[in-house]
Amino acid sequence: MIERIWSGESRLYWLLLPLSWLYGGISWLIKSSYRLGLRTSWRSPVPVVVVGNLTAGGNGKTPVVIWLVEQLRLRGQRVGVVSRGYGGKADSYPLVLNENTPTTQAGDEPVLIFQRTGAPVAVAPKRSEAIQALLKNHALDVIITDDGLQHYALQRDFEIVVVDGVRRFGNGWWLPAGPMRERPERLASVDAIITNGGTAAAGEVPMLLKAGHAVNILTGEQLPAEQLKNIVAMAGIGHPPRFFRTLRQLGVTIEKEHAFADHQDFSLSQLQSLTSDSQTLLMTEKDAVKCCKFAQPNWWYLPVTAELPPAQTEQLLARIISLRSADD
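Throughout what follows, the structure given in this document is the object of discussion. Every value quoted in this text rests on a predicted model; they were computed, and no experiment measured them. Positions within a chain are numbered from 1, following the residues in the order the chain's sequence is written. With the structure being a predicted model, the display of local features is reserved for residues of pLDDT at least 70 and the display and counting of side-chain atom pairs for 80 or more, all residues being used for whole-chain, interface and lining totals. Note that water and hydrogens are dropped before the side-chain values are worked out from all heavy atoms of the structure.

## Quick look at the packing of helix α3 (residues 61–74) against helix α5 (residues 108–117)
Phase 1 of the analysis: Interaxial distance between α3 and α5 falls to 10 Å at its minimum, and their mutual angle equals 30°. As the angle between them shows, α3 and α5 are arranged roughly parallel. Where α3 crosses over α5, the handedness of that crossing is right-handed. Packed against α3, whose contacting residues are Lys61, Thr62, Val65, Ile66, Val69, Glu70 and Arg73, the element α5 presents Glu109, Leu112, Ile113, Arg116 and Thr117 at the interface.
Phase 2 of the analysis: Each residue gets one of three labels, nonpolar for Ala, Val, Leu, Ile, Met, Phe, Trp, Tyr, Cys and Pro, charged for Asp, Glu, Lys and Arg, and polar for the others, Gly among them. Looking at side-chain class alone, the contact of α3 with α5 contains five nonpolar, two polar and five charged residues. Orientation is described by axes fitted as lines to C-alpha atoms, over the contacting stretch for helices, and by angles from 0 to 180 degrees between their N-to-C directions. What counts as a helix is a DSSP run of H or I of at least four residues, what counts as a strand is a run of E of at least two, and both are numbered from the N terminus. Convention used here: angles under 35 degrees read as roughly parallel, angles over 145 as roughly antiparallel, angles from 65 to 115 as roughly perpendicular, and any remaining angle as oblique. The crossing is said to be left-handed when, going from far helix to near helix, the turn is anticlockwise and less than a right angle, and right-handed when the turn is clockwise. The contact definition used throughout considers only heavy atoms, calling two residues in contact when any of these lie within 4.5 Å.

## Details of α3
Phase 1 of the analysis: Expected helix span is given by 1.5 Å per residue-to-residue step, counting one fewer step than there are residues. Along its 14 residues, α3 runs 20 Å from first to last C-alpha, staying within 8% of the 20 Å computed at 1.5 Å per residue.
Phase 2 of the analysis: Note on classification: 1.4 Å probe, protein chains only; a residue is buried when its accessible area is under 20% of the maximum for its type, exposed when over 50%, partly exposed between these limits. Buried residues dominate α3, accounting for 11 of its 14 residues.
Phase 3 of the analysis: For α3, every residue scored as buried is listed here: Lys61, Thr62, Pro63, Val64, Val65, Ile66, Trp67, Leu68, Val69, Gln71 and Leu72.
Phase 4 of the analysis: Positive phi shows up at Gly76, right after α3, with a value of about 85°.

## Observations concerning the pairing of strand β2 (residues 79–83)
Phase 1 of the analysis: β2 sits mainly inside the fold: five of its five residues count as buried.
Phase 2 of the analysis: Taken together, the five bridges between β2 and strand β5 (residues 142–146) define a ladder with parallel strand orientation. Bridge pairing links Val81 to Ile144 in β5.
Phase 3 of the analysis: Paired strands, as defined in this entry, are two strands with at least two bridges between them according to DSSP. Note: β2 against strand β4 (residues 121–123), three bridges, orientation parallel. Bridging from a neighbouring strand, Ser83 pairs with Val123 of β4.

## Re the sheet that holds strand β1 (residues 48–52)
Phase 1 of the analysis: The strand order β3-β4-β2-β5-β1-β6-β7-β8-β15 describes an open sheet built from nine strands, whose pairing is mixed. The open sheet terminates on both sides in strands that have one partner only, identified here as β3 (95–96) and β15 (304–307).
Phase 2 of the analysis: Relative to β5, α3 is tilted by about 165°, and along the sheet it contacts β1, β2, β5, β6 (158–164), β7 (192–196), β8 (205–211) and β15.
Phase 3 of the analysis: Against the sheet, α5 touches β2, β4, β5 and β15, its axis set at about 170° to β4.

## Some remarks on the pattern of salt bridges
Phase 1 of the analysis: Definition used for salt bridges: Asp or Glu carboxyl oxygen within 4 Å of a side-chain nitrogen of Lys or Arg. Scanning the model with the defined rule gives 21 salt bridges in all.
Phase 2 of the analysis: Between Arg116 and Glu285 there is a salt bridge, with its nearest N and O atoms 2.6 Å apart. Of this pair, Arg116 sits in helix α5 while Glu285 is found in helix α9 (residues 285–288), placing the two residues 169 residues apart along the sequence.
Phase 3 of the analysis: Residue classification places Arg116 among the partly exposed positions, given a relative accessible area of 24%.
Phase 4 of the analysis: Exposure remark for Glu285: the relative accessible area of 13% places this residue in the buried category.
Phase 5 of the analysis: As a salt-bridge pair, Arg181 and Asp147 come within 3.0 Å of each other at their nearest N and O atoms. Of the two residues, Arg181 sits in the loop between β6 and β7 while Asp147 sits in the loop between β5 and β6, which places them 34 residues apart along the sequence.
Phase 6 of the analysis: One salt-bridge network, held together by shared partners, links Lys31, Arg156, Glu159, Glu182 and Arg186.

## Focus: the environment of Phe114
Phase 1 of the analysis: Position of Phe114 relative to the elements: it lies in helix α5.
Phase 2 of the analysis: Residue classification places Phe114 among the buried residues on the basis of a relative accessible area of 15%.
Phase 3 of the analysis: For the pair Phe114 and Trp174, spaced 60 residues apart in sequence, the C-alpha separation works out to 32 Å.

## Focus on the pairing of β6
As a general feature of sheets, a regular strand has side chains that alternate between the two faces.
Phase 1 of the analysis: Here β6 lies mainly inside the structure; seven of its seven residues are buried.
Phase 2 of the analysis: Of the two faces of β6, the one carrying Phe158, Ile160, Val162 and Asp164 and the one carrying Glu159, Val161 and Val163 are both buried.
Phase 3 of the analysis: Strand direction decides the pairing type here: β1 and β6, joined by four bridges, are parallel. In the strand pairing of β6, Val50 is matched with Glu159.
Phase 4 of the analysis: Relative to β7, β6 is paired through five bridges, and the arrangement is parallel. Residue pairing for β7: Asp164 is matched across the bridge by Asn196.

Written out as structure tokens, the structure reads:
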């Protein structure tokens, strides 16, 4: 239902408009308080790159963060990542991740980024504290924040917005009547716009998410997804239909689909009930990091990797790398 409302297919969004105006008003007041100096923001001693969204979830932000970390490190940059750690709750903050940090403490996206890249990752509600925790133990050239476009308590040197190229901005209204955290006009002030799928507008960098081989969570075995049999697909991400669509494009026959809320925790009994003994459970990598401790032999995940055009990739990375020399 919420997808139909946000897309403009349903006019029920009119009932939510008063709450949207309240959301927009509060957001404007918070942003204005920093702009006018009524609230202070913190500046990192190393450049900060924010990767965020104008809309709520499911745009491909985390694959972009992973892509940035990998590409910058290939070019000799020492990169750290900070996050709010949404979906996790630690005993104390800041929390610096290690190989044993569970998603219940750090959140699924930070754990995924840490496992995929091996880069230093820290989470905290105040991202300045997460940055300071990383800098205590690591010499870094750049910090990437996973989300945080609207976290104005942290100054930033470079802003990247990830846009869903198919859904774009839906009906254009603020939450909850629409998907917007900020109005589309905010794009005029960011440094780069990466468009995931669909058709990129002028000045936007097109991106595709390329699926790899399916990976067995328990054994690490890899197979082309289309070779798996009797598939039940599940996704607990911001926009589950994208995952199911990706599977069908790969030639996967799906017997049943299960969409869950973004960042939802799972239990063994809950996921076991989704399949019979003869079926295969195929999920996203973000879901898999929450299930590895109790994975079953028939559970697999599908990793995806962001791909951007080479020329625009080099231009974008050169601009980010140059931030360090401008800071010195």
